[in-house]
Amino acid sequence: MSRNSFFAAMAVSVILSTGAATAQQPPATAAQVPAMQPPAAASSAAPTATQPAGPGTQPGQRAAVGGEAPSAISLTLPHDLSPWGMFMAADIVVKAVMVGLAFASLVTWTIWFAKSLEILGGKLRARRAAVAIGNAATLMQAGRALGHGGGPGALLVRAAEEERALSAGALDHASGDGLKERVASRLSRIEAAASRRMSRGTGLLATIGSTAPFVGLFGTVWGIMNAFIGISQAQTTNLAVVAPGIAEALLATAMGLVAAIPAVVIYNVFARSIAGYRQILADTSAGVERLVSRDLDFRTVPPATAMAAE
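- An unreviewed UniProt entry lists the protein under the name Biopolymer transport protein ExbB, with Mesorhizobium dulcispinae as the source organism.
- Word for word, the UniProt comment on the protein under Function (unreviewed entry) is "Involved in the TonB-dependent energy-dependent transport of various receptor-bound substrates. Protects ExbD from proteolytic degradation and functionally stabilizes TonB."

Below is the structure:
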């Protein structure tokens, strides 16, 4: 074999071995191509559903797809939390309780205004009558001083004069103790009637003061029941859902206290004022009894001495 033939055979064997090694390597797959992409392309290909939730979503709650809000936030909530707004948004039962308490408060202040004027006028008339009776020497003088007025003092004097006139025929044959008892009885009845007239209306104040807090509490309980029912229907404990219903319920209790506290205070003030009025009437009645007793004593005195005493 010649030298040229040997080198040609070596070149052919090298070419064949190189082709076989190249054929054994696996071809590049399509899956290996995206791995060579830059990070920006990979991040842009991430799905939007895995993005973090916004600051308004609850923990564990995915962001709404397409801009839809969760059901708890889409509830219709009252925005006017003023007393009038809460009243208009309240249940019909709670509204009825609030209207009743507002009417009771109006009645309380009306009684306060009317009864204050009545007690003031009654005390002034009773004091004037007591002064006139205290300055009189006889029952006739007291009657002339008081005239035909309609106050309790004038009624006391006229009742004593009427009883003395009815007993005039028996005084010559009997002592004056019976007349004194009859006069005291009539005066005590006039006194009691005047006290009852002056106390008229104060019992309503006592009723309002004792029952208004419980009526307001009933409205609060009813309102809180409705608030819990709304919470269960909304299936959320969000404060924006819970707070308005509870605030409406507590408004009933507040109105109950607003109606009850002034009623109790005014009732106590009137009780003290009426007790003072009764004391003035008692002093006036005692003055009339003294005049009757004095007139009976002067019946046994000679006319000249009686005229000098007058």
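## Some details on the UniProt feature "transmembrane region" (unreviewed entry) in the protein
Alright, step 1. The positions that UniProt labels "transmembrane region" (unreviewed entry) are, in the present scheme, residues 92-114, 204-229 and 249-270.
Alright, step 2. Annotated as 100% helix and 0% strand, the span residues 204-229 places its first and last C-alpha atoms 37 Å apart.

## A few points about the side chain of Ser-195
Alright, step 1. Structurally, Ser-195 can be placed in helix H8 (residues 177-199).
Alright, step 2. Residue classification places Ser-195 among the buried positions, given a relative accessible area of 9%.
Alright, step 3. The contacts of Ser-195, once residues within four sequence positions are left out, are Arg-278 and Leu-281.

## Digging into the nonpolar core
Alright, step 1. Counting residues in each nonpolar core, the largest one holds 21 residues, and the members touching the most others are Ile-208, Ala-212, Phe-270 and Tyr-277.
Alright, step 2. For this core, the secondary structure elements donating two or more residues are helix H4 (92-135), H8, helix H9 (202-234) and helix H10 (239-298).
Alright, step 3. Broken down by element, this core gets its largest block of residues, 9 residues, from H10.
Alright, step 4. Residue contacts for Ile-208: discarding those within four places in its chain leaves Ala-104, Val-107, Thr-108, Pro-213, Ala-259, Ala-260 and Ala-263.

## With respect to the pattern of salt bridges
Alright, step 1. Taken as a whole and judged by the stated rule, the model has 5 salt bridges.
Alright, step 2. Note that Arg-186 and Glu-162 form a salt bridge whose closest N and O atoms lie 3.1 Å from each other. Remark: Glu-162 occurs in helix H6 (residues 152-166) and Arg-186 occurs in helix H8; sequence separation between them is 24 residues.
Alright, step 3. With a relative accessible area of 29%, Arg-186 lands in the partly exposed category.
Alright, step 4. Looking at Glu-162, the relative accessible area reads 43%, which means it is partly exposed.
Alright, step 5. Ionic pairing is found between Glu-163 and Arg-186, a salt bridge with its closest N-O pair at 3.4 Å. With Glu-163 in helix H6 and Arg-186 in helix H8, the pair connects residues that are 23 residues apart, well separated along the chain.

## Notes on a positive patch on the surface
Alright, step 1. A cluster of basic residues, Arg-189, Arg-196, Arg-197 and Arg-200, forms a positive patch at the surface.
Alright, step 2. If you trace the backbone, Arg-196 turns up in helix H8.

Definitions and cut-offs
- Residues numbered from 1 in each chain as written.
- Predicted model: local features only at pLDDT ≥ 70, side-chain atom pairs only at ≥ 80, totals over all residues.
- Heavy atoms only, no water.
- UniProt positions renumbered as here; feature names shortened; annotations may be inferred.
- Helix = DSSP H or I, 4+ residues; strand = E, 2+ residues; numbered from the N terminus.
- Buried < 20%, exposed > 50% of the residue type's maximum accessible area, 1.4 Å probe, protein only.
- Contact = heavy atoms within 4.5 Å.
- Core = buried A, V, L, I, M, F, W, Y, C linked by side-chain atoms within 4.5 Å.
- Salt bridge = Lys/Arg side-chain N within 4 Å of Asp/Glu carboxyl O.
- Patch = residues over 30% accessible without salt bridge, like charges linked within 9 Å, V, L, I, M, F, W, Y side chains within 5 Å.
- Areas by Shrake-Rupley, 256 points an atom, 1.4 Å probe, with all protein chains shown as cover.
- Lys, Arg positive; Asp, Glu negative; His and termini not counted.
- Charge placed at Lys NZ, Arg CZ, Asp CG, Glu CD.

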